[in-house]
Amino acid sequence: MGLTNHWAGPPDERLNSWKEIAAYLRHSERTVRRWQSEGLPVHRHTHKKRAGVYAYKPELDAWWNSHTRLEQIDEKRLTQRRRAQIWIGAAILALVLLAGTYVARKHIELRANPAPRNARTMVVVLPFENFGGDQEQEYFSDGLTEEMISRLGQVSPHRLGVIARTTAMQYEGKKQRIDEIGKDLGVDYAIEGTVRHEGDLVRVSAQLIHVSDQTQVWAKSYDGDSGHVLQLQEKIAQAIVDKVEITLTPEQEAHLAAVAPVNAAAHEAYLKGRWYLAKGGGPDLVVARDYFSEATTIDPRYAPAFAGLAETYNAMNTMYLAPAETEPQAEAAATKALELDESLAEAHVSLGRVRLFYDWNWPEAEKEFLSGLDLNPNLPQAHLGYAQYLTSVGRFPEAVQHVRAAYALDPLSTSVRIEGIRLSLLVARQYKEAVEQCRKAGELPPNFTEPFGMEAFVYVRLGRFEEAAQAGEKEMHRNDSPVDLALAAQGLAESGKKDEARELLRRLLETAHKSFVCGYNIATVYAALGQKTEAFHWLDEGIRQRSL
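Because the structure is predicted, anything quoted here is derived from the model rather than measured.

Conventions used here
Residues numbered from 1 in each chain as written. Predicted model: local features only at pLDDT ≥ 70, side-chain atom pairs only at ≥ 80, totals over all residues. Heavy atoms only, no water. Helix = DSSP H or I, 4+ residues; strand = E, 2+ residues; numbered from the N terminus. Buried < 20%, exposed > 50% of the residue type's maximum accessible area, 1.4 Å probe, protein only. Polar contact = N/O pair within 3.5 Å; in protein donor to acceptor, adjacent residues only side chain to side chain. Contact = heavy atoms within 4.5 Å. Salt bridge = Lys/Arg side-chain N within 4 Å of Asp/Glu carboxyl O. Axes fitted to C-alpha atoms, helices over the stretch in contact; angles between N-to-C directions. Parallel < 35°, antiparallel > 145°, perpendicular 65-115°, else oblique. Left-handed = near helix turned anticlockwise from the far one by under 90°. Nonpolar A, V, L, I, M, F, W, Y, C, P; charged D, E, K, R; others polar.

**Considerations on the side chain of Q545**
Mapped onto the elements of the fold, Q545 is located in helix α26 (residues 532-545). On the basis of relative accessibility, which here comes to 12%, the residue Q545 falls in the buried class. A polar contact is formed between the side chain of Q545 and the backbone oxygen of V517, at a distance of 3.3 Å. Discounting residues that sit within four places of it in the chain, Q545 has contacts with P323, F516, V517, C518 and G519.

Right, here's the structure in full:
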């Protein structure tokens, strides 16, 4: 591992642990460790009392620049280089540092920016059919579908793209032709399957279909008990990867095979939690939280349950509960999940949201979001979380690019579309695209109503005041979220409909007396009405709340 005769430089050029090496390269420790097999120049102490690794910055920079293994450089050339005149060595080192820094930055840019969809084989996992017919088992078949999506999404993410759960579930119970689904979603393959769950026994049948000609590429059934359902999924995922002719690295093969038996009761509680979390409403989130908590009680080492708990608390934040009630809980759950399994992309994203929205720690937020993207670039939440970070630091073009990546992975998800509009497109002043996405959101199932509050806000900024007033008035007749009411009120006030804006403000203040309302949302309405003192008061309240 590493070089026997390595560059010896000043102490400030030396990195003395995996943590320092990963921080220097701006990648997760897991990723950096993987690069050893690609020639990353890392050294190990030979003395037993000094166990550990170290590396030198110039060697790392040179590795980035050359993309060759330093240990393959002829020893004679190394000796000649050491004997070269000092000014030549300094000049070469300076050039290496400059080139290495440039390449490292380019590498980080490529990693942070999503790859084009046409560069990957795209797959959709259609909802597995509950073959037993028991409606109370729907959570199990839906949960299996979601776990298959997550598992495939992390197998070879830069070569295999997987459509997200929310979009896939829109096809549940529909008898739509595979080629039509493929055209809708732009995928190459579709996976269909059935699940029979009776007592402790599980039978999973799956088939892989080539979309263009609707031919069956592969099909098989697997039997097992509830505690080994993850192994059944692993077998299906491995077969699919083989059939779509994707070659895995040794690490990817090891990760795919690293599936331990799970406590059946904990796993069922976890699947029920995911089922209610997907519903997304306030009461459903409470039930999801309780099921995830039950799973962690049954099996305190079941990392996905802690990750689900963190996601649930983040979903409750601001919309239903004050940040002080949700974010410390989300942080504790995500941290525990990563202690148990650092490869959980969802846990990294949840922790990133805490760092961004509650701690206001932007460097740590970026670190967690990038870790999530490294582990699973097929996860829309990872793209949205990173987009929100990028928006916060003013990197708007990159933010919009990640919003579009989230839309491509989950095109039929209203929550993904709305979150992308609200937290990135509006702030980045991409108003025309925001209007277009509002319209698309209104066309999405099931019977979603167009986000008129957002439209009112956007139309004012486009100078289309009549349309802003019409959208705002439509919002007045709905009992919508405080965020949408505030946007509508702001749009109405700025388009000259101040009486209507005051009516929505009254409703917001009434709601604030009963439950949590973000101070910022109320402040924006007061500002639009020209009431600066009240606006500053509510901005101060928003800071005190540590809300969005």
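Continuing now.
**Brief notes about the pattern of salt bridges**
Applying the stated criterion to the full structure yields 18 salt bridges. Between E541 and R544 there is a salt bridge whose closest N-O contact spans 2.5 Å. Of the two residues, E541 and R544 are both situated in helix α26; the distance of 3 residues between them amounts to about one turn of the helix. For E541, a relative accessible area of 19% corresponds to the buried category. Of the residues examined, R544 reaches a relative accessible area of 58% and is grouped as exposed. Taken together, the shared-partner salt bridges connect E146, R165, R274 and E311 into one network.

**Brief notes about the packing of helix α23 (residues 482-494) against helix α24 (residues 498-514)**
Packing of α23 against α24 brings their axes to within 8 Å, and their N-to-C directions diverge by 160°. Judged by the angle between their axes, α23 and α24 are roughly antiparallel. Considering the relative orientation of α23 and α24, their crossing is left-handed. On the side of α23, the interface is formed by P482, L485, A486, A488, A489, L492 and A493, while α24 contributes K498, E500, A501, L504, R507 and L508. Along the lines of polarity and charge, the residues of the contact of α23 with α24 split into 10 nonpolar, no polar and 3 charged.

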